[in-house]
Structure formats: C-alpha cells, structure tokens
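Report on the structure
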Amino acid sequence: YATDPFCDMIGPGIARSHYGGLSLLFPPRPVPSAFSLADPPNIRTLAQKLTYGALLFSKEKSVVYVSRAKPGVTQKMHARKLGKHLVWIPLSSFSAETLKRLRVFHVLNGKTVRSWASRFIGD
C-alpha cells in the first residue's frame, strides 16, 4: 500500500508516491491481492493484512518482517498456524537515507517519459 501518486505530480507524466508497506515474494509469481482476502480474526491494520498475505503466499518457512516494532501476538499466531516464522529486522538498522530511498517510488505515464524522467526525479 502507498500514498496516492496523483497527489504528487513532479513533472510531465511523472508522479511520486511513498510506500506504507510492501510485500515481495521470490520467486516472483502472480498472487491475489492481500487486501481482497477474507480477513482472519484480529486483523485491523493494512500492515497486518499485508503481513498475513506474505505469510499465506510465501513458499519459504521464514518471512522477513521489517518494522519499527516487533511483530505482535496476532501476527505471530497467524505465522504459527501457517507453519511459518517471522524474522524481525528493526527499521532502526537502516540509515535515514536508505529508508527514504526505499520508501519513494515513481509512476511514469508510458515508456516515452523515461527519456526525460531523470531530470525531475533526481538521484
């Protein structure tokens, strides 16, 4: 989940957005949206729903959970029920610059925008 990219247009055909949460699976494959799943009990936030989706669709036994705080009891319970283990990595282990770079992404309106996007996006 992320902010609405159309609220931050930074150039012609270039929008900027910030991740609130992100789930990556390896190997990449199509999976249903974690947000369209029927909610198991005690899931109240987008982060909890995203974590549940990662646990549900991961083929690995260990799922990395990067956040400020350790996973809660509910998340640990869901992991246990699905035969998975949440490995917590605190956000504080990353520098502020790294976090900023990880959280920001850009949406381009077509392939032609790539030719001038770097003038608006920067490094």
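Residues numbered from 1 in each chain as written. Predicted model: local features only at pLDDT ≥ 70, side-chain atom pairs only at ≥ 80, totals over all residues. Heavy atoms only, no water.

Side note on the overall build of the protein chain
A count of helical and extended segments in the protein chain gives four helices and five strands. Along the longest, intermediate and shortest principal axes, the C-alpha atoms of the protein chain span 50 × 30 × 25 Å. Relative to all contacts within the protein chain whose residues are 6 or more apart in sequence, the contacts with residues 24 or more apart total 53%. For the protein chain, the exposed area adds up to about 8500 Å²; of that, 59% sits on carbon and sulfur atoms. (Helix = DSSP H or I, 4+ residues; strand = E, 2+ residues; numbered from the N terminus. Contact = heavy atoms within 4.5 Å. Areas by Shrake-Rupley, 256 points an atom, 1.4 Å probe, with all protein chains shown as cover.)

Overview of the layout of surface pockets
For the largest pocket, the calculated volume is near 1000 Å³. If you trace the largest pocket, you find 31 residues lining it, with Gly21, Leu22, Ser23, Tyr65 and Val66 closest to the centre. Counting only elements with at least two residues in the lining of the largest pocket, the list comes to α1 (46–57), β3 (62–67) and α3 (96–103). Sorting elements by how many residues they give to the lining of the largest pocket places β3 first, with six residues. Its residues placed into classes, the lining of the largest pocket shows 19 nonpolar, seven polar and five charged. (1 Å grid on protein atoms, 1.4 Å probe; cavity = no way out; pocket = protein on both sides within 12 Å on 5 of 7 lines; lining within 4 Å. Points joined across faces, edges and corners; volume = space filled by probe spheres on them. Nonpolar A, V, L, I, M, F, W, Y, C, P; charged D, E, K, R; others polar.)

Side note on the sheet that holds strand β2 (residues 14–18)
Note on sheets: strands pair through backbone hydrogen bonds, and any given pair is parallel or antiparallel. The three strands are arranged β1-β2-β5 in an open sheet whose pairing can be described as antiparallel. Single-partner strands in this sheet number two, and they are β1 (9–11) and β5 (104–108). Neighbour-to-neighbour, the strand axes of the sheet open up by a mean angle of 35°, direction not taken into account. The sheet contact formed by β2 and β5 spans five bridges and is antiparallel. Along β5, the bridge assignment pairs histidine 18 with valine 104. Lying over the sheet, α3 contacts β2 and β5, oriented at roughly 25° with respect to β5. (Pairing = 2+ DSSP bridges. Axes fitted to C-alpha atoms, helices over the stretch in contact; angles between N-to-C directions.)

Overview of the nonpolar core
Formed by Ala54, Leu55, Val63, Tyr65, Ala79 and Leu86, the largest nonpolar core amounts to six residues. Elements that contribute at least two residues to this core include exactly α1 and β3. Excluding residues within four positions of it along the chain, valine 63 makes contact with Ala54, Leu55, Ser58, His85, Leu86 and Val87. Counting residues in hydrophobic clusters, the runner-up holds five residues, among them Ala34, Ile43, Tyr52 and Phe57. (Core = buried A, V, L, I, M, F, W, Y, C linked by side-chain atoms within 4.5 Å. Buried < 20%, exposed > 50% of the residue type's maximum accessible area, 1.4 Å probe, protein only.)

A word on the packing of aromatic side chains
Summed over the entire model, instances satisfying the criterion amount to two aromatic pairs. A centroid spacing of 6.2 Å and a plane angle of 80° characterise the contact between tyrosine 1 and phenylalanine 35, whose relative ring orientation is edge-to-face. A residue pair is termed long-range when its members are at least 10 positions apart, and tyrosine 1 in the segment before β1 and phenylalanine 35 in the loop between β2 and α1 qualify at 34 residues. (Phe/Tyr/Trp six-rings, centres within 6.5 Å; stacked < 30°, edge-to-face > 60°.)

So, the environment of tyrosine 52
Tracing the backbone shows tyrosine 52 in helix α1. In this view, tyrosine 52 contacts Leu37, Pro40, Ile43, His78 and Leu82; residues no more than four positions away in its chain are not counted.

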